[in-house]
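Each chain is listed here by its residues.
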Amino acid sequence: VEASIPEPQRAAWKKFTPKGFTTPEEFEKECVRHIETTLARSLYNCDEFATYAGTALAFRDRLVLDWNKTQQNQTFADQKRVYYLSLEFLMGRALDNAMLNVGMKDVAAKGLSELGFRMEDIVSQEHDAALGNGGLGRLAACFLDSLASLNYPAWGYGLRYRYGIFKQEIVDGYQVEVPDYWLDFNPWEFARHDITVDIQFYGHVSKYQDDNGTSISVWEGGEIVQAVAYDVPVPGYQTENTNNLRLWASKAASGEFDFQKFNSGEYESSVADQQRAETISAVLYPNDNLERGKELRLKQQYFWCAASLYDIVRRFKKTKRSWKDFPTQVAIQLNDTHPTLAIPELQRILVDQEGLDWEEAWSIVSKTFGYTNHTVLPEALEKWSVPLFQHLLPRHLQIIYDINLNFLHYVERTFPKDRDMLSRVSIIEESNPKMIRMAFLALIGSHKVNGVAELHSDLIKTTIFKDFVKVFGPDKFTNVTNGITPRRWLHQANPRLSELIASKLGGHEFLKDLTLLHKLENYVDDKEFRKEFQEIKYANKVRLAKHIKEANGVSVNPSALFDVQVKRIHEYKRQQLNIFGVIHRYLAIKAMSPEERKKLVPRVSIFGGKAAPGYWMAKTVIHLINQVGKVVNNDKDVGDALKVIFLEDYNVSKAEIITPASDISEHISTAGTEASGTSNMKFCLNGGLIIGTCDGANIEITREIGENNIFLFGNLAEDVEDLRHSHLYGTYTLDSSLQAVFDAISDGMFGDASHFSALVNGIVEHGDYYLVSDDFASYCKTQDLIDEAYKNQEEWWTKCITTVARMGFFSSDRCIDEYAEMIWNVEPLPPKQEQ
Ligand code: 8GP
């Protein structure tokens, strides 16, 4: 690699390379300099936001120095890199994380206080980077943190949406969506106006003969849109290693700005063309576990895959290696099927542009990719209509047909007797219109496919990918159980607990090796430790109660049992089961004498989460929760015994306040529907217990922490299909307490009953697909057990502490090491020690 500064001048250069700050004074100097110069503010008009900006810029400078060194080190080392392709990165705030990862939060806090500001006020000025919907996007963010912290040479590739996930407002109990324009001030990105890629759409394919008489396909015509790179540094914890997240923004290609129109006075319409190009990366699709085949979404996917691959291939070509080395230098992980187009795109580059023959190219492609599946829900599996695809990506359609043809030939040879097999495994579904099954393409083009928790990884082998296990053998399939980064979800969200643990374990090493938490078991009976542990939980609840008071105007008692369900609103996640349980509790309280009520464990039921804007049923659930809250919270008979709260606009930074404050959290999906869940891990790590079904990672959490420390209930995944069948074709009786709940709703106890009829009828009349009635009795019984357990405070805290001690397995560091070894075959690259 050539340096751009000639040797004799490098000394001068090096002399002035900034070193970064280490003391509070040096930090203040940098912060004030940025406020006064970069931001053009002064002593007289510096508010908390400007101070946040100055602090962020000071830390950004620091990250960039490490980032530069890391990128240089990676280039020189010339070893295999990982590319994580994800349409979603739900990063949340960056400043707190940056300060903690570089170990400078105390320094900055001291500096800020000398400048007259409090750290928490400054940190809370930051706008969340919310480029994701839920679990899948947040997992990608945790993985970036682990990749950087473990020194893996890795890049993330995504889209730079102008609007992230919408902001949720609750108006009269209904969800209202407001655009999230988050780029007003974003100090964490670097626009690389010099790194651009032209991306082609539409057009047609022509065939030509080259000089040797071989036929070559050329994709011609159509339109070009330009991709511009924006780089976001991702700092590792206690390492100089700082990786890159490259996000692409769309722009009209330089030749495309229509000078014809411009000169003939149609300036406005030529600007409109410009804007049209920019819409590709304008907005994140707000669906979680649901696909809608919109053309713009397909454009986003191709735009991002093509730009990323161009970049990856360009980087590889600089090494001057032969193509067969590509899979030994490059591992690309597909986060769900959204980046599947990268497979035909790489094949196209190798065959059409680099002149490799098909077989040689395909052998490279199919060794490069790994595919992670995140859901078995049929409505979430991506399919694209062939006519749409033909129109937008004509050459890719041909390539997919050829991939399919070769594959089907192979299947035919291997299973000559099973005629149906071909139509079942074909990438093309023979429907009207024909559809491209993206999950099949992803699977066929990858060397490994993984699910995200044991049950889920088993399920994909017996349901959606059953035939492919026969075709490729079981070894193509594997499991990597999800994890979470302990830096954000313990150290940052719950600093007091992190310090308490550090004081017992002799330092913060557990934040890098979470299995060390097991040593906490020695303190389960330690009086002093237990007391502090409880005090911390209480303080976290006080903090949440304060937030609830400010946001909802409702006072809740921090000594009550806080029962939390925060996640996307979805029928399969069954917030409806929870709110029906709350109504059941309310009816029971109403039937009690005042004496009996006094004996109850007071409870605060806290909900939070967004519904996809077009998901009517989910919005109805939000409305019902709010209506129930209105009635219950104002009922004098009830008082502290029950409060119902819906927290508006649940996001990553709110999760950091909510997670450490729960006593019980709910992970109650219909068995077999939640692939893993990750918030279950966050709550346990923060010393909250969980109520859950035998689903997703709940099962492995139970195995790790012991079944005495978790409240499991409900039917098992293996029985779900039979139960559904019996609802439709057998005798069906509604659970009697659930009937009482429905009676209360239809009596108008929570307002106009007709608002909730679809929700109720889905259960009573239309087959109860999510088995709410089947699980209702066992859910309510388990909730009673929780009340009983909470009364025995000594045992309760033993459970909580034991849970924390046994959560070591669920670090995303463990996940990333598993991916690196089983799927990517990459090694860490520790930062170079400076001479
Ligand atoms: C989610 C799963 O629902 C969740 O159980 C899991 O923990 C998380 O992925 C991370 O693995 N899946 C999705 O968010 C998902 O499939 N989204 C795609 C439809 C966009």
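Residues numbered from 1 in each chain as written. Predicted model: local features only at pLDDT ≥ 70, side-chain atom pairs only at ≥ 80, totals over all residues. Heavy atoms only, no water.

Student: I'm lost on the overall build of the protein chain in this one. Help?
Tutor: Assigned secondary structure in the protein chain consists of 34 helices and 24 strands. Relative to the 2.2 N^0.38 estimate, which gives 28 Å for 835 residues, the radius of gyration of the protein chain is 28 Å and therefore close to what a compact globule would have. Dimensions of the protein chain, computed from C-alpha atoms along their principal axes, come out at roughly 95 × 75 × 60 Å. For the protein chain, the residues scored as buried account for 59% of the 835 residues in total. Of the roughly 34,200 Å² of accessible surface on the protein chain, 51% is carried by carbon and sulfur atoms. The averaged location of the 115 negative side-chain charges in the protein chain is 3 Å from the averaged location of its 91 positive side-chain charges. (Helix = DSSP H or I, 4+ residues; strand = E, 2+ residues; numbered from the N terminus. Rg over C-alpha atoms; globule rule 2.2 N^0.38 Å. Buried < 20%, exposed > 50% of the residue type's maximum accessible area, 1.4 Å probe, protein only. Areas by Shrake-Rupley, 256 points an atom, 1.4 Å probe, with all protein chains shown as cover. Lys, Arg positive; Asp, Glu negative; His and termini not counted. Charge placed at Lys NZ, Arg CZ, Asp CG, Glu CD.)

Student: Would you explain the sheet that holds strand β15 (residues 428–429) in this entry?
Tutor: Adjacent strands of a sheet pair through backbone hydrogen bonds, lying either parallel or antiparallel. Taken in spatial order, the 3 strands line up as β14-β16-β15 in an open sheet, and their pairing is antiparallel. Both edges of this open sheet fall to β14 (383–385) and β15, since each of them pairs with a single strand only. Relative to strand β16 (residues 435–437), β14 runs antiparallel, the two being bridged by 3 bridges. Bridge pairing in β16 links Trp384 to Ile436. (Pairing = 2+ DSSP bridges.)

Student: Help me understand the domain arrangement of the protein chain in this model?
Tutor: Note: interface size is frequently given as the accessible area lost on complex formation between the parts. In terms of domains, the protein chain is made up of domain 1 (78–93 + 128–479) and domain 2 (558–819). Distance between the C-alpha centres of domain 1 and domain 2: 35 Å. Contact between domain 1 and domain 2 buries roughly 3,500 Å² in total, counting both sides, with carbon and sulfur atoms accounting for 55%. Per-residue buried area on domain 1 facing domain 2 is highest for Phe143, Gln168 and Leu455; these three make up 16% of the total on that side. Taken together, domain 1 and domain 2 are joined by 3 salt bridges. In this structure, Asp649 engages Lys167 in a salt bridge whose closest nitrogen and oxygen atoms are separated by 3.6 Å. (Domains from an automatic or database assignment. Buried area = accessible area lost by both parts, 1.4 Å probe. Salt bridge = Lys/Arg side-chain N within 4 Å of Asp/Glu carboxyl O.)

Student: Looking at this model, I keep getting lost on the pattern of salt bridges. Mind explaining?
Tutor: Should the charged atoms of two oppositely charged side chains come close, the side chains can pair. Following the criterion strictly, the structure yields 54 salt bridges and no others. Residue Asp311 is joined to Arg315 by a salt bridge in which the shortest nitrogen-to-oxygen separation is 2.9 Å. Separated by 4 residues within a single helix, Asp311 and Arg315 lie in helix α10 (residues 295–318), roughly one turn from each other. Arg315 sits in the buried class, given a relative accessible area of 17%. Residue Arg395 is joined to Asp352 by a salt bridge in which the shortest nitrogen-to-oxygen separation is 2.6 Å. In this pair, Arg395 sits in helix α15 (residues 394–414) while Asp352 sits in helix α12 (residues 342–353), placing the two residues 43 residues apart along the sequence. Overlapping salt bridges, with partners in common, bring together Arg192, Asp231, Arg246, Asp311, Arg314 and Arg315 in one network.

Student: I keep staring at the packing of aromatic side chains and nothing clicks. Help me out?
Tutor: Each aromatic ring pair is described using two quantities: the centre-to-centre distance and the angle formed by the ring planes. As enumerated under the stated definition, the model contains 36 aromatic pairs in all. When the centroid spacing of 6.0 Å and the interplanar angle of 10 degrees are considered together, the rings of Phe407 and Phe468 count as stacked. Taken as a pair, Phe407 in helix α15 and Phe468 in helix α19 (residues 466–472) lie far apart in primary sequence, 61 residues in all. According to the relative accessible area criterion, Phe407 is buried, its value standing at 6%. In textbook terms, an aromatic cluster arises when at least three aromatic residues are bridged by ring pairs, as seen for Tyr371, Phe407, Phe440, Phe465, Phe468, Phe472 and Phe477. Positioned above the aromatic ring of Phe472, the side-chain terminus of Lys476 is 3.8 Å from the ring centre. One residue, Lys610, lies across the ring of Phe166, its end atom 5.6 Å from the ring centre. (Phe/Tyr/Trp six-rings, centres within 6.5 Å; stacked < 30°, edge-to-face > 60°. Lys NZ or Arg CZ within 6 Å of the ring centre and 35° of its normal.)

Student: Looking at this structure, how should I read the state of the cysteines?
Tutor: The term disulfide refers to a covalent linkage connecting the sulfur atoms of a pair of cysteines. A complete count under the given rule lists 0 disulfides for this structure. The thiol of Cys31 is unpaired, and the distance to the nearest cysteine sulfur, on Cys46, comes to 7.3 Å. Cysteine Cys780 shares no disulfide, and the gap to the nearest cysteine sulfur, in Cys694, comes to 17 Å. Residue Cys780 is classed as buried on the basis of its relative accessible area of 9%. (Disulfide = S-S within 2.5 Å.)

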